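Structure at a glance
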Amino acid sequence: MGVQRKYLGLAALATASVVALAGCGGSSGSGSGSGSGSALKGQSFTILGQWTGGEQDAFNAVIKNFDSSTGASGTYTPAAGGDEAGVLGTKVNGGAPPDIAILSLPGAIAQYASKNKIYPVSSATQQVVKSQFASKWGDLGSYNGKMYCVPVDASNKSTVWYNNTAFSNAGISTPPATWPDLIKDAKTISASGVSVPISVGGGDGWTLTDWFENVYLRTAGIAKYQALTEHKIPWTDPSVATALNALKQIWGNSQLVGSPSKAVGVPFTASVDNVFKQSPTSAIVYEASFVATTITGDKDPAKVGTDAKVFPFPSVNGSKPVVEAAGDFGCAFTKNKAATQFLAYLAGSKAATTLVSTPGSGFLSVNKNVQSSAYTDSTSAQLAQDMVKVGNKFVFDMSDQAPAAFGGTPNKGEWGDLQTFLKTGDVKATQQQLEKDAAAAYK
């Protein structure tokens, strides 16, 4: 399973598992995580997440290194069927939570912390995070001024991927920098014989929220982006109409995306395959840095950095460059000493270096001490460095911060409303439905 699919299961976590949580104990624990080879001998700990495939291999390598240095024995288990929300809820409700769970929703972290279901990290662990990450990453894992969870990995969600050969065949030497350029280039690619220039993975509604968020960020600005995230302005606000109308220029043009009714049935992985498979039918796909993981699959022979290239999400109406990010956080659900020390280790650059350097993992890190040379390809290294360089000047995924009932439920709320919009192009009706669903979820 690639990074992209973890997003689906975790997005529902805030609702399903918080409701099911029953009492579990915990403490801050130690922050060293280094040990002397036997400091934690005989002590075991468990971790629940969604990573499989190359991601699981990389994370298991991190656990192995920690175990070797401390004598502990850690076991990582991916949630059955990818349903971490259901699995975690059942385990905690039954009185047997994992010692650590990997969460991607700051909203879920806040909900767990407010109910005392996860536990603050030690002062030593907090210092690791503060010294090695931009402060905003520590804030995302905090609640009411206390740090509960440590950042594990990050995704740059302001990236657009393209088939270099398709661009060359169409006579395009420079990727588009503006929204009008993107539309113009897609039409040129269409004229060159590519049937569906822009591949939209509308079957997974979260991809559409990412499209919207990047356009909204560039048309409305950071302040309104955060206000809409917190539902301080309604979805019927004119700024939302501006973004939807911009999206409609692409989503509503069959020359660019093919049949919208078909696009809404294309899963994310297929949208990537359409661009990078042996005989591609598309040339451009928007999604995050973790597209690189999907490209390396058996279906896609394209090589990242050579055949598969990337450009920043284009400027809209003269907007300045800005990064939308997402990420995962490690959170302690029990008192287990080995687990709390593992969180300290997980926050450090040694663990992050193992994650990003394992072939096929697709992980990026915003740990300042991870060297570019650790990455397996120059594209991933550059994307990670771009995120490190922006420091605190990024926004976090809007739907990940929303209540899961609105921003993280397949075929419902924002996901479902934008799928409907992809098919109909009805701006006003979409705004009204988005506001109705948001109002119900935020109250």
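Numbering of residues starts from 1 in each chain and follows the order in which that chain's sequence is written. Note on the predicted model: pLDDT of at least 70 is required for a residue's local features to be given, and 80 or more for side-chain atom pairs to be given and counted; whole-chain, interface and lining totals, by contrast, use all residues. Note that the side-chain values use all heavy atoms of the structure and ignore hydrogens as well as water.

A few words on the confidence of the model for the protein chain. Parts of the model with low pLDDT should not have their predicted coordinates read in detail. Per-residue confidence from the predictor is reported as pLDDT, which spans 0 to 100. Confidence along the protein chain averages 89 in pLDDT terms, with 91% of residues attaining 70 or more. In this model, residues 1-35 is a region of pLDDT below 50 whose contacts with residues beyond four sequence positions or in other chains number 126 contacts. Contact between two residues is taken to exist if any of their heavy atoms lie within 4.5 Å; hydrogens are not considered.

Moving on: the sheet that holds strand β7 (residues 159-163). The sheet built from four strands is open, its strands ordered β8-β9-β7-β10 with mixed pairing. Each edge of the open sheet carries a strand with a single partner, namely β8 (198-199) and β10 (308-312). Pairs of strands are assigned from DSSP output, requiring at least two bridges between the strands. A helix here means a DSSP run of H or I that spans at least four residues, while a strand means a run of E at least two residues long, and both kinds are numbered starting from the N terminus.

We now examine the state of the cysteines. Sulfur atoms of two cysteines make up a disulfide when they are within 2.5 Å. Overall, the coordinates contain one disulfide when judged by the stated rule. Two residues, Cys 149 and Cys 331, share a disulfide whose sulfurs are 2.1 Å apart. Judged by the sign of its S-S torsion, about 115 degrees, the cystine formed by Cys 149 and Cys 331 is right-handed. Of the two residues, Cys 149 sits in strand β6 (residues 149-156) while Cys 331 sits in strand β11 (residues 323-332), which places them 182 residues apart along the sequence.

Think of each axis as a best-fit line through the C-alpha atoms, taken over the contacting stretch in the case of a helix, with angles from 0 to 180 degrees between the N-to-C directions. Where helix α9 (residues 179-191) contacts helix α12 (residues 238-251), the axes come no closer than 10 Å and their chain directions differ by 15 degrees. Put simply, α9 runs roughly parallel to α12. The hand of the α9/α12 crossing is left-handed. Together, Trp 179, Leu 182 and Ile 183 of α9 and Ala 246, Leu 247, Gln 249 and Ile 250 of α12 make up the contact between the two elements. By residue class, the composition of the contact of α9 with α12 is six nonpolar, one polar and no charged. Comment on the angle field: the value is read as roughly parallel under 35 degrees, roughly antiparallel over 145, roughly perpendicular from 65 to 115, and oblique elsewhere. Throughout, a crossing is termed right-handed when the near helix is turned clockwise from the far one, and left-handed when it is turned anticlockwise from it by less than a right angle. Side-chain classes are defined by residue name, with Ala, Val, Leu, Ile, Met, Phe, Trp, Tyr, Cys and Pro counting as nonpolar, Asp, Glu, Lys and Arg as charged, and the others, Gly among them, as polar.

Any Lys or Arg side-chain nitrogen found within 4 Å of a carboxyl oxygen on Asp or Glu counts as a salt bridge. Tallied over the full model, the rule gives four salt bridges. For the salt bridge of Lys 157 with Asp 397, the shortest nitrogen-to-oxygen distance reads 3.1 Å. With a gap of 240 residues between them, Lys 157 in the loop between β6 and β7 and Asp 397 in the loop between β12 (394-396) and α20 (398-401) connect regions that are remote in the sequence. Burial status follows relative accessibility: with a 1.4 Å probe on protein chains alone, a residue under 20% of its type maximum counts as buried, one over 50% as exposed, and anything between as partly exposed. Classification of Asp 397 by relative accessible area gives buried; the value is 0%. Across the pair Lys 232 and Glu 230 runs a salt bridge whose closest N-O atoms are separated by 2.8 Å. Overall, Glu 230 belongs to the partly exposed group, its relative accessible area being 37%. A cluster of three or more residues bridged by salt bridges with shared partners is formed by Lys 157, Asp 210 and Asp 397.

Let us look at the environment of Asp 185. Along the chain, Asp 185 turns up in helix α9. Residue Asp 185 is classed as buried on the basis of its relative accessible area, which comes to 9%. With residues near it in sequence (within four places) discarded, Asp 185 still touches Ile 172, Thr 174, Pro 175 and Pro 176.

Bringing the nonpolar core into the picture now. Core analysis: the largest hydrophobic core is formed by 83 residues, its most contacted members being Phe 59, Trp 137 and Phe 342. For Phe 342, the contacting residues outside a window of four places in its chain are Phe 45, Ile 47, Phe 59, Val 62, Ile 63, Phe 66 and Ile 100. Ranked by size, the runner-up nonpolar core spans 55 residues in total, among them Leu 217, Tyr 225, Val 316 and Met 398. The definition of a nonpolar core used throughout is a set of buried Ala, Val, Leu, Ile, Met, Phe, Trp, Tyr and Cys residues joined through side-chain atoms within 4.5 Å.

What follows covers helix α10 (residues 205-220). Multiplying one less than the number of residues by 1.5 Å gives the expected span of a helix. Spanning 16 residues, α10 covers 22 Å between terminal C-alpha atoms, matching the ideal 22 Å at 1.5 Å per step. With 14 of 16 residues buried, α10 is to be regarded as a mostly interior element. Trailing α10 by a residue or two, Gly 221 shows a phi angle of about 95 degrees, which is positive.

The next thing to look at is the packing of helix α22 (residues 413-424) against helix α23 (residues 427-442). Packing of α22 against α23 brings their axes to within 9 Å, and their N-to-C directions diverge by 170 degrees. If you check the angle between α22 and α23, you find them roughly antiparallel. Counting all contacts with α22, which are made through Gly 413, Glu 414, Asp 417 and Phe 421, the residues of α23 involved are Val 427, Thr 430, Gln 433, Leu 434 and Asp 437. Tallied by class, residues from the contact of α22 with α23 come to three nonpolar, three polar and three charged.

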